[in-house]
Amino acid sequence: MPYMIERPARVPSTSRFLNPYVICFVVVAVVVILAVTVALLIYFLAFDQKSYFYHGNVEILNVKYSDQLNSPATQEYRTLSGKIESMLSKTFKESNLRNQFIRAHVVKLRQGGSGVIAEIIMKFKFSRNNNGVSMKSRIESILHQLLNNSGNLEIDPSTELTPCGARSDLITLSEERIIGGTKAEEGDWPWQVSLHLRNAHHCGGILISNMWILTAAHCFKSNSDPRQWTVIFGISTRFPKQRRKVKTIIIHNNYKSATHENDIAVMLLDTSVTFSKNIHTVCLPMATQNILPGSTAYVTGWGSRKYSGSTVTELEQARVNIISNEACNAPNSYNGAILPGMLCAGVPEGGVDACQGDSGGPLVQEDSRRHWFLVGIVSWGYQCGLPDNPGVYTRVTFYRDWITQQTGI
Ligand code: 4AZ
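Note that the structure is predicted; figures quoted are calculated from it, not measured.

Caption draft 1: Up close: the sheet that holds strand S3 (residues 116-127). The three strands lie next to each other as S1-S3-S2, forming an open sheet whose pairing is antiparallel. Unpaired on one side and paired on the other, strand S1 (49-60) and strand S2 (101-111) mark the two borders of the sheet. Mean inter-strand twist for the sheet, computed between neighbouring axes without regard to direction, equals 20 degrees. Where S1 and S3 come together, 12 bridges link them in antiparallel fashion. When the bridges of S3 are listed, Phe53 appears paired with Lys123. On the sheet, helix H2 (residues 75-93) packs against S1, S2 and S3 and is oriented at approximately 145 degrees with respect to S2.

Caption draft 2: Here's a closer look at the pattern of salt bridges. This structure, assessed with the given rule, holds 15 salt bridges. Residue Lys183 pairs with Glu316 through a salt bridge whose shortest N-O separation is 3.7 Å. You can see Lys183 sitting in the loop between helix H4 (168-171) and strand S4 (192-197) and its partner Glu316 sitting in strand S11 (residues 316-323), a full 133 residues away along the chain. On the basis of relative accessible area, Glu316 is assigned to the buried category, the value being 11%. Salt bridges sharing common partners tie together Arg167, Asp169, Glu176, Arg177, Asp188 and Arg370.

Caption draft 3: Local environment of the packing of aromatic side chains. The final tally for this structure, using the stated rule, is 12 aromatic pairs. With centroids separated by 5.3 Å and ring planes inclined at 80 degrees, the aromatic side chains of Phe92 and Phe124 adopt a geometry described as edge-to-face. On the criterion of sequence distance, the pair formed by Phe92 in helix H2 and Phe124 in strand S3 is long-range, its members being 32 residues apart. When its relative accessible area of 0% is taken as the criterion, Phe92 is described as buried. Given the relative accessible area of 0%, Phe124 is considered buried. When the centroid spacing of 6.2 Å and the interplanar angle of 75 degrees are considered together, the rings of Trp189 and Trp191 count as edge-to-face. Just as Trp189 is buried, Trp191 falls in that class too. The residue whose ring lies beneath Arg167 is Trp189, and the NZ or CZ to ring-centre distance is 5.1 Å.

Caption draft 4: Representation of the site of the ligand in the model. The local shell around the ligand consists of Asp353, Ala354, Cys355, Gln356, Ser359, Val378, Trp380, Gly381, Gln383, Cys384 and Gly391. Gln383 places a polar main-chain atom, nitrogen or oxygen, 3.0 Å from a nitrogen atom of the ligand. Relative to its unbound accessible surface of 300 Å², the ligand loses 86% to contact with the protein. Taken together, the residues of the shell around the ligand sort by class into five nonpolar, five polar and one charged.

Caption draft 5: Expanded view of the state of the cysteines. Evaluation of the coordinates by the stated rule reveals four disulfides. The disulfide partner of Cys203 is Cys219, and the S-S distance across this bridge is 2.0 Å. Measuring handedness by torsion sign, the sulfur bridge of Cys203 and Cys219 sits at about -90 degrees and is left-handed. Within this pair, whereas Cys203 is found in strand S5 (residues 200-207), its partner Cys219 is found in the loop between strand S6 (212-215) and strand S7 (229-233), the two being separated by 16 residues in sequence. Residue Cys203 is classed as buried on the basis of its relative accessible area, which comes to 3%. In the protein, the bonded cysteines, numbered by position in the sequence, are linked as 1-4, 2-3, 5-6, 7-8.

Caption draft 6: Local environment of helix H6 (residues 400-407). Within H6, burial applies to Arg400, Trp402, Ile403 and Thr407. All buried residues of H6 lie within an arc of 160 degrees about the axis, which places them on one face of the element. Those residues of H6 hidden inside the fold are in contact with S6, strand S8 (242-251) and strand S9 (265-269). One or two steps after H6, the chain reaches Gly408, where phi turns positive at roughly 80 degrees.

Caption draft 7: Representation of the side chain of Ser81 within the structure. Note on placement: Ser81 falls in helix H2. Within the structure, Ser81 has its side chain in polar contact with the backbone oxygen of Tyr77 (distance 2.8 Å).

Caption draft 8: Highlighting the pairing of S4. Counting buried positions along S4 yields six of six residues, so the element is predominantly enclosed. With burial as the criterion, each face of S4 is covered, one bearing Gln192, Ser194 and His196 and the other bearing Val193, Leu195 and Leu197. Taken together, the six bridges between S4 and S5 define a ladder with antiparallel strand orientation. Bridge pairing links Gln192 to Ile206 in S5. Adjacent in sequence and paired antiparallel, S4 and S5 are bridged by two residues, among which Arg198 carries a positive phi angle near 45 degrees. With five bridges joining them, S4 and S7 adopt antiparallel strand pairing. Residue pairing across strands places Leu195 opposite Val231, the latter belonging to S7.

Quick notes on the rules
- Residues numbered from 1 in each chain as written.
- Predicted model: local features only at pLDDT ≥ 70, side-chain atom pairs only at ≥ 80, totals over all residues.
- Heavy atoms only, no water.
- Pairing = 2+ DSSP bridges.
- Helix = DSSP H or I, 4+ residues; strand = E, 2+ residues; numbered from the N terminus.
- Axes fitted to C-alpha atoms, helices over the stretch in contact; angles between N-to-C directions.
- Contact = heavy atoms within 4.5 Å.
- Salt bridge = Lys/Arg side-chain N within 4 Å of Asp/Glu carboxyl O.
- Buried < 20%, exposed > 50% of the residue type's maximum accessible area, 1.4 Å probe, protein only.
- Phe/Tyr/Trp six-rings, centres within 6.5 Å; stacked < 30°, edge-to-face > 60°.
- Lys NZ or Arg CZ within 6 Å of the ring centre and 35° of its normal.
- Near = heavy atom within 4 Å.
- Polar contact = N/O pair within 3.5 Å; in protein donor to acceptor, adjacent residues only side chain to side chain.
- Areas by Shrake-Rupley, 256 points an atom, 1.4 Å probe, with all protein chains shown as cover.
- Nonpolar A, V, L, I, M, F, W, Y, C, P; charged D, E, K, R; others polar.
- Disulfide = S-S within 2.5 Å.
- Arc of directions from axis to C-beta.

What follows is the structure, given as structure tokens:
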């Protein structure tokens, strides 16, 4: 038998796995999986932060209560609320909750036993693994130090605070939502209602309490029987969030259709509407409030987008500027038809205006504390969007006392 070199044995199958490329791949894969797992864990434990709202009452002892503090329309209210908010903000920013504290907002001032009680909402952000109970006591202890134990904090996430004139982004203490385009979003104009006459949109209206709607007198020219009217809440007239029947309609007893004088009316609901962050009141200005020509205002409604057009089913908004009665009465404009109880608003180049179907709806302005005030009620105008014929509104400050006489508000 010739000498034969023996063939080497077959390479064992495991040696393929010892190939450096395979080893490298496995190591990289394991490291990646581990890194992703650790990152996810860190994210959920530390960074997956949720917003938490705390509703509290703090009593400020060194300020004497006065009636001026009862209304968010007064300078006294704005100044004191602003001071309380800065004080709370400074205190939390200097505390061990500085990374969790987002913002505080005063929603109401009222009389206390020996000073002023401020109702506040506070927003904190923390991760889910943080214990809500210990968070509450940490917030309370910081507040108690600040107030020398004169404050009390009620944490009541179930009650939704609905201060007047607050868009839903203010109630959630979020960054201010940009008002853009023409379509409104739910919660942008929570006081806007649609008045349906026999199941069809006829006019806009404005929520001023949970029982009262403010609107224009001319909306009832064809029909003033409360049983024929329904109030619709929410931005879509096709898919209402709530609806209510009407008990009483009160039209200004000096309304004159020829001159559009005293174009104002109120409606009493048959049962109260339930407030939410998307359905609540606008703030009413004081009778003495000055509405500055040139300042920005917004008009909203389901009215037509052009003269003689059809109404729409989704709420729209338009940005306009206040025009002085003097300018609006110029010969090339309304030539003297604008009376002291009226207010003009539009844009110089035209094209942005209220129109048919917007009547009775709100013209609003924002104050320094991001609360919205009603300054006008859509009333009349020569066609829509013409440069020299802006929209004409019922001037709310002029009728402020009439509103109180009729509704007690
Ligand atoms: C209307 O007929 C109407 N451009 C409402 C507002 C304006 C014009 C007409 C303002 O209901």
